[in-house]
Structures are given as structure tokens and as C-alpha cells.
Amino acid sequence: MGETQSASGTQTDVLGGHAFGHMDLVVLEQRCMTRHALQPHGTLTVGRGEDCDIVLSDPAASRRHAVLRVAADICIEDLGSRNGTLISGARLPARKPAPLGPRDSVQIGGSILLLQPRNRGELRPHATDVGTPAEETGALVSRDPAMRPIYDLIASVAASNLTVLIVGETGVGKELVAESLHRHSGTRGASPFVRINCAALSPSLLESELFGHERGAFTGANHARPGLFEAGHGGTVFLDEVAELPLAAQAKLLRVLEVREVTRIGAVRARSIDVRFVAATNRDLRADVARGAFREDLYFRLAGAIVRVPPLRQRPADIEPLVMHFASTLCGQTGQPLPSFSAAALAHLCAHAWRGNVRELRNVVERAVLTTKRSIIEPFDLALESADMGAEPPSDSWSPTVPPSSEALALSDAQHSERKRILAALATCQGNQTRAADWLQMPRRTLVRKLALLGIPRPRGSGRN
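Before going into details, it helps to say that this report is about the structure given with it. Bear in mind the structure is a predicted one, so any value in this text is a computation, not a measurement. (Residues numbered from 1 in each chain as written. Predicted model: local features only at pLDDT ≥ 70, side-chain atom pairs only at ≥ 80, totals over all residues. Heavy atoms only, no water.)

**Focus on the packing of aromatic side chains**
- According to the stated counting rule, one finds four aromatic pairs in the structure shown.
- Between phenylalanine 211 and phenylalanine 229 the ring centres are 5.5 Å apart and the planes differ by 85°, which places this aromatic pair in the edge-to-face class. With phenylalanine 211 in helix H3 (residues 206–211) and phenylalanine 229 in helix H4 (residues 228–231), this residue pair connects regions lying 18 residues apart in the sequence. Across this residue pair, the class does not change: phenylalanine 211 and phenylalanine 229 are buried.
- Relative to phenylalanine 300, the ring of tyrosine 299 lies with its centre 5.3 Å away and its plane at 70°, an arrangement referred to as edge-to-face.
- Through pairs of rings, three or more aromatic residues link up here, namely Phe211, Phe229 and Phe277. (Phe/Tyr/Trp six-rings, centres within 6.5 Å; stacked < 30°, edge-to-face > 60°. Helix = DSSP H or I, 4+ residues; strand = E, 2+ residues; numbered from the N terminus. Buried < 20%, exposed > 50% of the residue type's maximum accessible area, 1.4 Å probe, protein only.)

**Looking at unusual backbone geometry**
- One non-glycine residue, arginine 95, lies in the positive phi region at around 60°.
- Here arginine 95 lies in the loop between strand E11 (90–91) and strand E12 (98–99).
- A positive phi angle, close to 55°, is found at arginine 260, a residue other than glycine.
- Within the element layout of this structure, arginine 260 appears in the loop between helix H5 (247–259) and strand E20 (261–262).

**Focus: H5**
- Spanning 13 residues, H5 covers 19 Å between terminal C-alpha atoms, matching the ideal 18 Å at 1.5 Å per step.
- Three or more residues of H5 are buried, namely Ala249, Gln250, Leu253, Leu254, Val256 and Leu257. For H5, the angular spread of the buried residues around the axis is 160°, confining them to a single face.
- Note on H5: the residue one or two positions beyond its end, arginine 260, has a positive phi of about 55°. (Expected span 1.5 Å × (residues − 1). Arc of directions from axis to C-beta.)

Below, the structure is given as C-alpha cells:
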């Protein structure tokens, strides 16, 4: 935070290389996201009260929860709220201003507040805040506070040889967590990272794949070959879907973990290996142990430290950086122009249930980028079925299905386009006109006037919703 001298000789307040006049405060709530422009000097109050500058619907927020102050730097102060305010996972003392930087996230109940550069009202692909935004290097693309315990644990155990068990739903990025752990493991990080999909190993070849074999050990063994455990010597062996190993293989894996030796098929002596083991599963291993499907002694050997990766639906602040990363990576591969994502499109993505987690998000983004010919991707380009969205909206929520009125039938093409854009914003914000106006970057009074002009009935119970 500081000041830079502009070409005209005047002073310009900046934050991370961006002038305050070009910074927004982005507010992520459960089913909506809004952007608020920051002025060079001023304050923004945050809370549930209608008199606040940023009104939150989160019941965990107090009526006047916090205040954001922009001066020579940006600070946030908790106003003695009932449930407190967190910055990057750390609770703020009440009534003590704390500096807020571009890498910080503010959590109020289930709502997240982030500082982001403004780009003409649209969110364009950009490098993310954490690491190098590339899966190929094993970097974690994330900025959600829910991931902070994972970073802290990686920093604590990376340099050790402690075996780590990574648990989480399918598609949450367990392999990327394992790669990040490997890359931060000191000298071991420069050695091999061997991925083993335990579910894909053929039962008949499993032992040979893992332990290797000597020449002549069986029919077809014309050459000696080291196994995957030996291939990881000096580095890390990642056992993905470890719960799929049969019990016989579990017993042999336990032996390797205990003595750090492997014996090739047909060999008469064991070979020492220097390997750090990291395992992952989407199953409840304790339940598997209870029903006899997984060895208890192996479970305790693997669970030296346990990393629990939350599903994407619990990491809303990760959606935007992941979207931008997937879009820019794909366009870099195909050579096509990089599109932007409208605010309404990002809101639809934030509201989705993501049962397939990060893997599903990647498929949606890549499909939209490849099939959309325009420079801006809108909600209808994402092909997200309403049945797949998050929790069902309440019965009194606003429905996006609005038949055209007699006034709407006479609209020009430009007005029809604007009508669709307003309907998408209202659908995204569940009929909340204040938030829809924020999405559309227009005053609420202007939105109300346009609803009448374009033949859109005002949502039920609208008032100042």
C-alpha cells in the first residue's frame, strides 16, 4: 500500500499496482455475488441493516457488522458484531482496524469479501493470487479461506517424511494437493513424483507393477524391470484411490511402509527405497475398516497426517480463479481469443451445486469457451440445468420464467437483449432487485424504471429487497 507519482505529478492511491479508482469490493453470498466500486477516500458499512452501504442477507451478519475505510490504505474494522469477522481465517479484535490487501479474504458468516481490480464491469481471466495458475506444475489455484488449513498443514509437514492421507469427494483436487506437498518437500521435491491409480491396477499384474520383477520371473518377463515403488526413489509416491487395493495388496503395502524395502518378483533380496508416501481416497476409510474391507493397521500407517479437502460448493471464492485459469489454459492451447465472463455468468457458477467439484467446473468452462462465439460468456452459454443448481430456492423466490407482456412484444432488438440481461440478473439474485442492480452496474431506481419499460413484472415482495 502506498502512493505513486502519476504523469501529471499528482498522487494516486494504489493497492497492489491497481489504483483505488479501479478496485472493486466483491461480495460472495450463498446464491449471489455483487461488486462495489471503491472510491479513493471514503467508508463503506457492511451488515444486514438496510442503511448499510453493503447489505448482506446472511443471518450470521449483525445489522452494522463492519466498516471498510479507504484512505492511504484500506482497512476493515469489526463494529462489535455478534459472530465476529475473519481475515484469511484469523478473527479480528472488535473495533480495531486491520489492513486489507489484495490477497486477503474477509469472512462474515458464510459471506466472503474480496478486493479485485475492475475491468469495465466484467471479470476477465487473470493470474490467480496463489501460486502459478497451472495444473501441470501442481499449483493449487485457490483463494478461499476454507483452503487455508490445507496450506498451513502442507507448510508444517512438507519437509518431513510423514505419510499423509488426503480425503475428499471425487474431483476436489486431491492430486493437486499431493503435488503441492511434493513440490514443497525440500530436496525431495526435485525427485520423481510417481502417481499410482490403485483402482486401475490389474489384479493379475498388481504385484509386478508395484514391486517390479526379475528376468525370467514369469512367462513374458524377458527383462528385469523396477516397480513403481522403486521408480519413486528419492521422491514421492502418490497412492490415489488407495481404498481400492485388495486386502492381499494392502498387507504388502503395509510391509513397505514399515521397512521401506521392496522385493521384486523372482528376486532373492530386498531393495531399500527412500520414498515419501501420500495416499488419497474419496471413501470413509474408518467405515471400511469397521466392515473389514480395509486393514486398520494400514489405515493408521497412512494417516500420519490427514488433509481434508472441502468440496467446491464450500469454497465459493475459488470459483472465479478456477474459471479464469481453465479458460486461459484452454485458449493458450487452442490459440483462440480469450473471452470474458459476465458477472451474471459467474453468479450462476457460484450458485451451482458442483456435485462433480472442480472436474465438473472445468468441463463446463471448457465447453462454454469452445462453443461460444462471442467475446463475453453469459449464463445461457454455460448450459447449467436448473435441476443441477444448488439447494432448491425457497417457495417464494423469484422465477426467471417471465412470459413477454404486450409491451415486451413491441421492443427493439437492443431492448430485447437488455430484457434478457435483466432477467438473467434477477434469476441469479433470486429476484432481489438491489443485488440485481449491483450486478448490472446501474442504480436501483434505473432498474425499477427499466422493469416497467421492458414489460418485466416486479418480483413478489420486492420493496427494498
